[in-house]
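Given next are the chains, with one letter for each unit.
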Amino acid sequence: MSVSNLTTWKSLAEKELRGRALSDLTWETPEGIAIKPLYTADDLDAVDHLGSTPGSAPFTRGPKATMYAGRPWTIRQYAGFSTAEESNAFYRKGLASGQQGVSVAFDLATHRGYDSDHERVVGDVGKAGVAIDSVEDMKILFDGIPLDKISVSMTMNGAVIPVLASFIVAGEEQGVERAKLSGTIQNDVLKEFMVRNTYIYPPEPSMRIVSDIIDYTSREMPKFNSISISGYHMQEAGATLVQELAFTLADGKEYVRAAIARGMDVDTFAPRLSFFFAIGMNFFMEAAKLRAARLLWHRIMTEFDAKDEKSLMLRTHCQTSGVSLQEQDPYNNAIRTAYEAMSAVLGGTQSLHTNSYDEAIALPSDAAARLARNTQLILQNETGVTNVVDPLAGSYYVESLTQELADKAWELICQVDEMGGMTKAVEDGMPKLEIERAAAQKQARVDRGEDIIVGVNKFQTDEDAGIDVRIIDNSAVRDAQVARLKDIRKSRDAAACEAALDALEQGARNNGNLLDLAVDAARVRATVGEISDAMERAFGRHKAKVKLLDGVYGAAYAGDQGFQDIQSDVADFTTKYGKKPSMMVVKMGQDGHDRGGKVIATAFSDIGFDIEMGPLFQTPEEAAIDAIEKGVDVVGISSQAAGHTTLAPQLVHALKNKGGGDIIVICGGVIPPNDYNFLRQVGVRAIFGPGTNIPEAAKEVLELVKRAKTEGAG
């Protein structure tokens, strides 16, 4: 745009603004990027990736020359619930309806390396994923699904060795040799220590497991992606797009270093590395993020002196955001998912999962899952987006965003390198704390109404959507799994199983390839839990240190009278009773998603409550003992993985049995409204669903504590 044209535009814009400054139209993103109201050719002066074509370095415009014009992205729906039988039926129905690959969600017991009969997973079996205890479950899961033709993606990190071993053996027994198996294993343990927390072993042996799988698959499974380096869970935990981009690529860099340190040539394994990103509601920036990711990965792999062009390409799966889904007015979620899907496609993803509109409340119903799948089918077949390669290329705005995201992410990657790499940074806790800081700031913006969410903090409705909710009978699933485990242990060759597990343990203590040894163990029907235990005897089980941020949430309310009023009410309570109102936030069972709990703890602390954060993975019994010993007024259960109907009653019962019946129990998180009455009947005093305004929740909790004090005094 010429100087005269730009001057003319400014003059016209200022007239339309009627006295407001043009600077009022500039928006600063959480990443610190100033978004202007107008972009021109001048904004491309600092962009250094222009001129490349799709399929050529640095692959900003896509890893393939023809992209979707040659072949559309793969529609890969992520699902798993209850038993292997039910999940198998769900997959087969999806494949018959246009789905092109299977993506497996495992239950939290499996993620954490426990068999379904373990005492610590009573509330987790079959919830938020499918229960897999052995090869027998894996065979049922893929019954009638030809593993030589259908690619399988498995989201598994902690128990990645026994799960992948069971999959390999299930394939063999289906008649598919492992060299023909195609798909992806997530195998990205570093992000578990940052955000998702479904780790088992400490960081160092966990990195060895990653390397062993890369080594095994490069030798034995040429069509299988050995790792899916995941930023998805970072954004879900509250990371900004720059943080998601930087920490994900820094993780990838660390895995490449680890494989090279084992003596592997980079071009023997790098072509099979893949990535996994979240796609949220910042439409153009999400598309630019994927373009920036390819640009930076090419730069990183060039530093490793990769020669194979496929080693230099970033290939990615994407999933629409779960955090953007809201319990209030849930049909809006279908619209959010459609926009996010379009953004992922315009960014050039290789495969895509679209979330169902009911997932802020429960596991997806069949109808919601069909709508989510059809969102992609319509996108592929009715919109024309597959006809043109990289249609956003050359956009002043998108190209500028791509460069700014790349530059900011590179600065953060260099900071991680200066710390000694991602393993060191994770051990120091830097990425985790930075993501938690961003999450608290995001929640404060939502609670203040600065970030508008339709149906939550603006344009609310009182109408009941009346959606159907999938209900999983946790007890029935666990009973069935326990019965199958008994049959397996009774019918197998006990001596052969014990010998295979001993060999695995010794391999863990020495230098044996763990996946090789686990495949041998799975063949003789060692279970997921037994294989995990054998490695745990050598490696130990990791326990995270709990750290809380102070002042981050409250800083967003500086000068806010309403917030100060709540703080004053808490201060008055403290003066009257000689102590602050106190709450312990707990995550029970094997649900490691702690974003919600951490944000609540940080915010309530800034409001003036005395806050304790219980350790992850407590049983209700342990949480009750902890709460009584700490003398808290309230226990807040943070639930995301559908275990609340089992775990909340157990906690209330344990508190009463141990003399803590006066402690108030509240629940928050992903809780279907249909469960509210049940929870109240078993003794839960308040329930806070997704989209809850935290200061308002704090008022309600304070009133509960006041009432309890008054009743106790009376």
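Relevant structure appears above.
Residues numbered from 1 in each chain as written. Predicted model: local features only at pLDDT ≥ 70, side-chain atom pairs only at ≥ 80, totals over all residues. Heavy atoms only, no water.

Asks: Explain the overall build of the chain to me, please; I cannot follow it from the model alone.
Replies: Of the regular secondary structure elements, the chain holds 29 helices and 16 strands. Computed over its C-alpha atoms, the radius of gyration of the chain comes to 26 Å, within 12% of the 27 Å expected for a compact globule of 714 residues. Along the first, second and third principal axes, the C-alpha atoms of the chain reach 80 × 70 × 50 Å. Within the span of the chain, comprising 714 residues, buried residues form 59% of the whole. Here the contacts in the chain between residues at least 6 apart in sequence split such that 79% fall between residues at least 24 apart. As presented, the chain carries roughly 27500 Å² of accessible surface, and 49% of it is formed by carbon and sulfur atoms. (Helix = DSSP H or I, 4+ residues; strand = E, 2+ residues; numbered from the N terminus. Rg over C-alpha atoms; globule rule 2.2 N^0.38 Å. Buried < 20%, exposed > 50% of the residue type's maximum accessible area, 1.4 Å probe, protein only. Contact = heavy atoms within 4.5 Å. Areas by Shrake-Rupley, 256 points an atom, 1.4 Å probe, with all protein chains shown as cover.)

Asks: What is the right way to look at empty space enclosed by the protein in this model?
Replies: Rolled over the atoms, a probe with the dimensions of a water molecule shows which regions are left empty. Per the stated rule, a full pass over the model turns up six cavities of 30 Å³ or more. Volume-wise, the largest cavity comes out at about 110 Å³. Taken together, 14 residues make up the lining of the largest cavity; nearest its centre are Ala 237, Glu 436, Asp 594, Arg 595 and Lys 598. Those elements giving two or more residues to the lining of the largest cavity turn out to be α7 (190-196), α18 (430-447) and α25 (595-607). (1 Å grid on protein atoms, 1.4 Å probe; cavity = no way out; pocket = protein on both sides within 12 Å on 5 of 7 lines; lining within 4 Å. Points joined across faces, edges and corners; volume = space filled by probe spheres on them.)

Asks: So what exactly am I meant to see when it comes to the packing of helix α12 (residues 283-303) against helix α16 (residues 396-418) here?
Replies: Between two packed helices, both the angle of their axes relative to each other and the distance between the axes serve to describe the pair. Packing of α12 against α16 leaves a shortest axis separation of 8 Å and a crossing angle of 50°. Regarding the angle of α12 to α16, the classification is oblique. Crossing of α12 against α16: the hand is right-handed. Contacts from Phe 284, Met 285, Ala 288, Lys 289, Arg 291, Ala 292, Leu 295, Leu 296, Arg 299, Ile 300 and Glu 303 of α12 reach α16 at Tyr 397, Val 398, Glu 399, Leu 401, Thr 402, Leu 405, Ala 406, Ala 409, Trp 410 and Ile 413. Of the residues belonging to the contact of α12 with α16, the class tally is 15 nonpolar, one polar and five charged. (Axes fitted to C-alpha atoms, helices over the stretch in contact; angles between N-to-C directions. Parallel < 35°, antiparallel > 145°, perpendicular 65-115°, else oblique. Left-handed = near helix turned anticlockwise from the far one by under 90°. Nonpolar A, V, L, I, M, F, W, Y, C, P; charged D, E, K, R; others polar.)

Asks: Looking at this model, I keep getting lost on the packing of aromatic side chains. Mind explaining?
Replies: The relative placement of two aromatic rings is captured by the distance of their centres and the angle of their planes. Tallying each qualifying case throughout the model produces 18 aromatic pairs. Geometrically, the ring pair formed by Phe 193 and Tyr 199 is stacked, given 5.2 Å between the ring centres and 5° between the ring planes. Under the relative-accessibility criterion, Tyr 199 is labelled buried at 1%. With a centroid separation of 6.3 Å and an interplanar angle of 45°, the aromatic rings of Tyr 553 and Phe 563 are classed as tilted. Within this pair, whereas Tyr 553 is found in helix α23 (residues 552-555), its partner Phe 563 is found in helix α24 (residues 561-577), the two being separated by 10 residues in sequence. For Phe 563, a relative accessible area of 3% gives the class buried. Here a set of aromatic residues connected by ring pairs shows up, and it is made of Tyr 39, Phe 283, Phe 284 and Tyr 397. Sitting over the face of the ring of Tyr 577, Lys 709 holds its NZ or CZ atom 5.8 Å from the ring centroid. (Phe/Tyr/Trp six-rings, centres within 6.5 Å; stacked < 30°, edge-to-face > 60°. Lys NZ or Arg CZ within 6 Å of the ring centre and 35° of its normal.)

Asks: What is the right way to read helix α19 (residues 474-491) from this model?
Replies: Because an α-helix packs 3.6 residues into every turn, residues spaced three or four apart end up facing the same way. Over its 18 residues, α19 runs 26 Å from end to end, which matches the ideal 26 Å to within 8%, given 1.5 Å per residue. For α19, the secondary structure elements touched by its buried residues are α5 (135-141) and α27 (644-657). (Expected span 1.5 Å × (residues − 1).)

Asks: Mind showing me how you'd approach the pattern of salt bridges here?
Replies: Side chains bearing opposite charge may pair, as long as their charged atoms lie close to each other. As enumerated under the stated definition, the model contains 56 salt bridges in all. Here Arg 219 ties to Glu 220 by a salt bridge, and the two come within 3.4 Å at their closest N and O atoms. Ionic pairing is found between Arg 437 and Glu 434, a salt bridge with its closest N-O pair at 3.9 Å. Here Arg 437 and its partner Glu 434 are both found in helix α18, three residues apart, which amounts to about one turn of the helix. Arg 437 gets classed as partly exposed once you look at its relative accessible area, which sits at 31%. Among the charged side chains, a salt-bridge network with shared partners connects Glu 172, Arg 178, Arg 208, Asp 212, Asp 215, Arg 219, Glu 220, Arg 262, Asp 516, Asp 520 and Arg 523. (Salt bridge = Lys/Arg side-chain N within 4 Å of Asp/Glu carboxyl O.)

Asks: Quick question: what am I supposed to make of the layout of surface pockets here?
Replies: Taken as a whole, the second largest pocket holds about 1200 Å³ of empty space. Lining the second largest pocket are 42 residues; nearest its centre among them are Arg 71, Thr 74, Asn 225, Arg 315 and Gln 350. Elements that contribute at least two residues to the lining of the second largest pocket include exactly α2 (67-70), β3 (74-79), β5 (152-155), β6 (183-185), β9 (273-279) and β10 (316-320). Its residues assigned to classes, the lining of the second largest pocket shows 12 nonpolar, 22 polar and eight charged.

Asks: Help me understand the sheet that holds strand β15 (residues 664-669) in this model?
Replies: In a beta sheet, neighbouring strands pair by backbone hydrogen bonds and run either parallel or antiparallel. Reading across from one edge, β13-β12-β14-β15-β16 is the order of the five strands in this open sheet, with parallel pairing throughout. The open sheet has two free edges, formed respectively by β13 (610-613) and β16 (686-688), since each of these has just one partner strand. Each adjacent strand pair in this sheet contributes to an overall mean axis angle of 20°, direction not counted. Pairing of strand β12 (residues 582-586) with β13, which is carried by four bridges, proceeds in the parallel orientation. Looking across to β13, one finds that Met 584 is bridged to Glu 612. The sheet strands contacting α25 are β12, β13 and β14 (634-639), and the helix crosses β13 at an angle near 160°. (Pairing = 2+ DSSP bridges.)

Asks: Sorry if this is basic, but what is going on with the pairing of β13 here?
Replies: Side-chain positions along a regular strand alternate between the two faces of the sheet. Only one face of β13 is buried: it carries Ile 611 and Met 613, and the other face, with Asp 610 and Glu 612, is open. A crossover connection joins β12 to the parallel β13 through α25; in handedness this β-α-β unit is right-handed. (Right-handed = clockwise from strand over helix to strand, strands pointing away.)

Asks: It is not clear to me how the packing of helix α26 (residues 620-630) against α27 should be interpreted in this structure. Could you clarify?
Replies: Running from N to C, α26 and α27 point in directions that differ by 45°, and their axes come no closer than 8 Å. Classified by the angle their axes make, α26 and α27 are oblique. Between α26 and α27 lies a crossing whose hand is right-handed. Contacts between α26 and α27 involve Pro 620, Glu 621, Ala 623, Ala 624, Ala 627 and Ile 628 on the former and, on the latter, Leu 647, Gln 650, Leu 651, Ala 654 and Leu 655. Its residues placed into classes, the contact of α26 with α27 shows nine nonpolar, one polar and one charged.

Asks: Looking at this model, I keep getting lost on the environment of Leu 616. Mind explaining?
Replies: Within the fold, Leu 616 resides in the loop between β13 and α26. Along the sequence, Leu 616 and Ala 250 sit 366 residues apart, while their C-alpha atoms lie 26 Å from each other. Each residue touching Leu 616, except ones within four places of it in the same chain, is listed here: Asn 197, Tyr 199, Lys 587, Asp 591, Gly 592 and Asp 594.

Asks: Help me understand unusual backbone geometry, please; the structure alone is not making it clear to me.
Replies: Here the residue pair Ala 57 and Pro 58 is connected by a cis peptide bond, since its omega of 5° sits within 30 degrees of zero. Locating Pro 58 in the fold gives a position in the loop between β2 (34-35) and α2. With a phi angle near 65°, Asp 305 is a residue other than glycine that sits in the positive phi range. Inspection of the secondary structure puts Asp 305 in the loop between α12 and α13 (309-312). Although it is not a glycine, Phe 459 sits at a positive phi angle of roughly 60°. The residue Phe 459 is located in the loop between α18 and α19 in this model.

Asks: Looking at this model, I keep getting lost on helix α6 (residues 160-174). Mind explaining?
Replies: Across its 15 residues, α6 extends 21 Å between first and last C-alpha, which sits within 8% of the 21 Å expected from 1.5 Å per residue. Counting buried residues along α6, 12 of its 15 residues qualify, which places the element largely inside the surrounding structure. Taken as a whole, α6 has its buried residues at Val 160, Ile 161, Pro 162, Val 163, Leu 164, Ala 165, Ser 166, Phe 167, Ile 168, Val 169, Ala 170 and Gly 171.

Asks: Quick question: what am I supposed to make of the pairing of β10 here?
Replies: For β10, a buried count of five out of five residues is recorded, marking the element as mostly surrounded by other parts of the structure. Looking at chain direction, β9 and β10 are connected through five bridges and run parallel. Looking across to β10, one finds that Phe 276 is bridged to His 317. Pairing of β10 with strand β11 (residues 351-353) involves three bridges; the strand directions are parallel. Bridge pairing in β11 links His 317 to Ser 351. As for the winding sense of the linkage, the β-α-β connection from β10 through helix α14 (residues 332-347) to β11 is right-handed.

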